[in-house]
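# A look at the structure
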Amino acid sequence: MSTIERPRIPEIIRRPDLVGTPKKGLLALVALMGWILWLYLLMPLGALLAWWFGYHRLDLFILSDPARTVNTLQFYTLIIGIGGLLFILWASYNWLRFRRMDRRGAPPEANAEVIAQAFSIEPSKVQLAQSGKVLAFDFDELGQIIQIEADRAALAHFPQGSQANSAKTDSAN
């Protein structure tokens with residue numbers, strides 16, 4: 001049985017414990033900056049809701065100088081409009097560039113040999129696994145498949161009560 005050398009850290013890290021400390025710090029900093037920006041953008045809405053429910057400090061800042069409030073709202077409208085326009089331009093550019101290309105498609109069908117090579121097992125074991133209804137896999141210390149059992153042999157791995165229920169289910173089919 002051949003073994004394939006696998007790296008300790010996969011190309012796409014799905015486990016946070018494998019992410020390095022400097023990268024965790026950078027990700028936390030980016031998240032913090034995003035939250036601060038988000039809260040800054042929501043502050044006027046919060047102030048408006050507070051005023052609506054009776055907190056009258058809004059009178060001092062918004063209603064005392066309506067011209068400045070209008071200027072602020074115009075600035076916000078301008079920023080939102082520019083962002084929306086940039087988004088529409090980018091979407092139009094991508095649509096014009098890629099409208100006649102279809103790079104998506106079904107992946108190639110994996111045959112028994114390809115699957116066997118990926119898991120470092122014999123193709124006959126892959127065919128056995130594909131033909132069985134109940135499967136049991138045995139692994140070594142490194143997580144490599146060392147044995148595959150199908151149907152009756154796989155049922156031997158379950159407690160006796162489960163085998164009786166499975167036998168009833170199989171005989172009903």
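Residues numbered from 1 in each chain as written. Predicted model: local features only at pLDDT ≥ 70, side-chain atom pairs only at ≥ 80, totals over all residues. Heavy atoms only, no water.

### Structural notes on the confidence of the model for the protein chain
Where we set the bar: Confidence scores per residue from the predictor, reported as pLDDT, run from 0 to 100. In this description, contact between two residues means that some pair of their heavy atoms is separated by no more than 4.5 Å.
Across the protein chain, pLDDT averages 79, with 76% of residues at or above 70. Under a pLDDT of 50 for its full length, residues 161–173 has, in the predicted model, 4 contacts with residues more than four places off or in other chains.

### A look at helix α5 (residues 123–131)
For clarity, the cut-off: Residue burial is assigned from relative accessible area. The probe radius is 1.4 Å, only protein chains are included, and a residue is buried under 20% of its type maximum, exposed over 50%, and partly exposed in between. Helix and strand assignments come from DSSP, with helices taken as H or I runs of at least 4 residues and strands as E runs of at least 2, each series counted from the N terminus. By arc we mean the arc of the directions from the helix axis to the C-beta atoms, nothing more.
Among the residues of α5, those classed as buried are Lys125, Val126 and Ala129. End-on, the buried residues of α5 take up no more than an arc of 100°, which puts them together on one face. Along α5, the residues that are exposed and aim more than 90 degrees away from the buried face are Gln130 and Ser131. At its buried positions, α5 is contacted by α4 (112–119), β1 (135–139) and β2 (145–150).

### Description of the side chain of lysine 125
With respect to the helices and strands, lysine 125 occurs in helix α5. Those residues in contact with lysine 125, other than ones at most four positions away along the chain, are Ile146, Gln147 and Ile148.

### Remarks on a nonpolar patch on the surface
What counts is decided by this rule: Patch definition: residues above 30% relative accessible area lacking any salt bridge, with like charges linked at up to 9 Å and the nonpolar side chains Val, Leu, Ile, Met, Phe, Trp and Tyr linked at up to 5 Å. Methods summary: accessible areas were calculated by the Shrake-Rupley approach with a probe of 1.4 Å, and residue burial reflects only the protein chains presented. Throughout this description, the term salt bridge denotes a Lys or Arg side-chain nitrogen within 4 Å of a carboxyl oxygen of Asp or Glu.
Taken together, Trp35, Trp38, Leu39, Leu42, Leu45, Leu48, Leu49, Trp52 and Phe53 make up a surface patch of nonpolar side chains, about 1100 Å² in accessible area. Tracing the backbone shows tryptophan 52 in helix α1 (residues 21–52).

### Some points on the pairing of β2
Where we set the bar: Following DSSP output, two strands are said to pair if at least two bridges run between them.
Note: β1 against β2, 5 bridges, orientation antiparallel. Its bridge partner being in β2, leucine 135 is matched across the sheet by alanine 150. As consecutive antiparallel partners, β1 and β2 are separated by 5 residues, and within that stretch glycine 143 has a phi angle of approximately 85°, a positive value.

### Focus: the packing of α4 against α5
Note the following rule: Lines fitted to the C-alpha atoms define the axes, with helices restricted to the stretch that makes contact. Angles between their N-to-C directions range from 0 to 180 degrees. Should an angle fall under 35 degrees it is taken as roughly parallel, and over 145 as roughly antiparallel, whereas 65 to 115 is taken as roughly perpendicular and any remaining angle as oblique. Helix crossings fall into two classes, left-handed where the near helix is turned counterclockwise from the far one by less than a right angle and right-handed where it is turned clockwise. Ten residues, namely Ala, Val, Leu, Ile, Met, Phe, Trp, Tyr, Cys and Pro, are considered nonpolar, four, namely Asp, Glu, Lys and Arg, are considered charged, and the remaining ones, Gly among them, are considered polar.
One way to put it is that α4 packs onto α5 with a least axis distance of 8 Å and a crossing angle of 110°. By the angle between their axes, α4 is roughly perpendicular relative to α5. In the packing of α4 onto α5, the handedness of the crossing is right-handed. Contacts between α4 and α5 pair Ala112, Glu113, Ile115 and Ala116 from the former with Pro123, Val126, Gln127 and Gln130 from the latter. Here the contact of α4 with α5 is built from residues that sort into 5 nonpolar, 2 polar and 1 charged.

### Here we look at the pattern of salt bridges
Proximity of charged atoms lets side chains of opposite charge pair with each other. Under the definition given, this model contains 1 salt bridge. Between glutamate 122 and lysine 125 there is a salt bridge, with the nearest N and O atoms lying 3.8 Å from each other.

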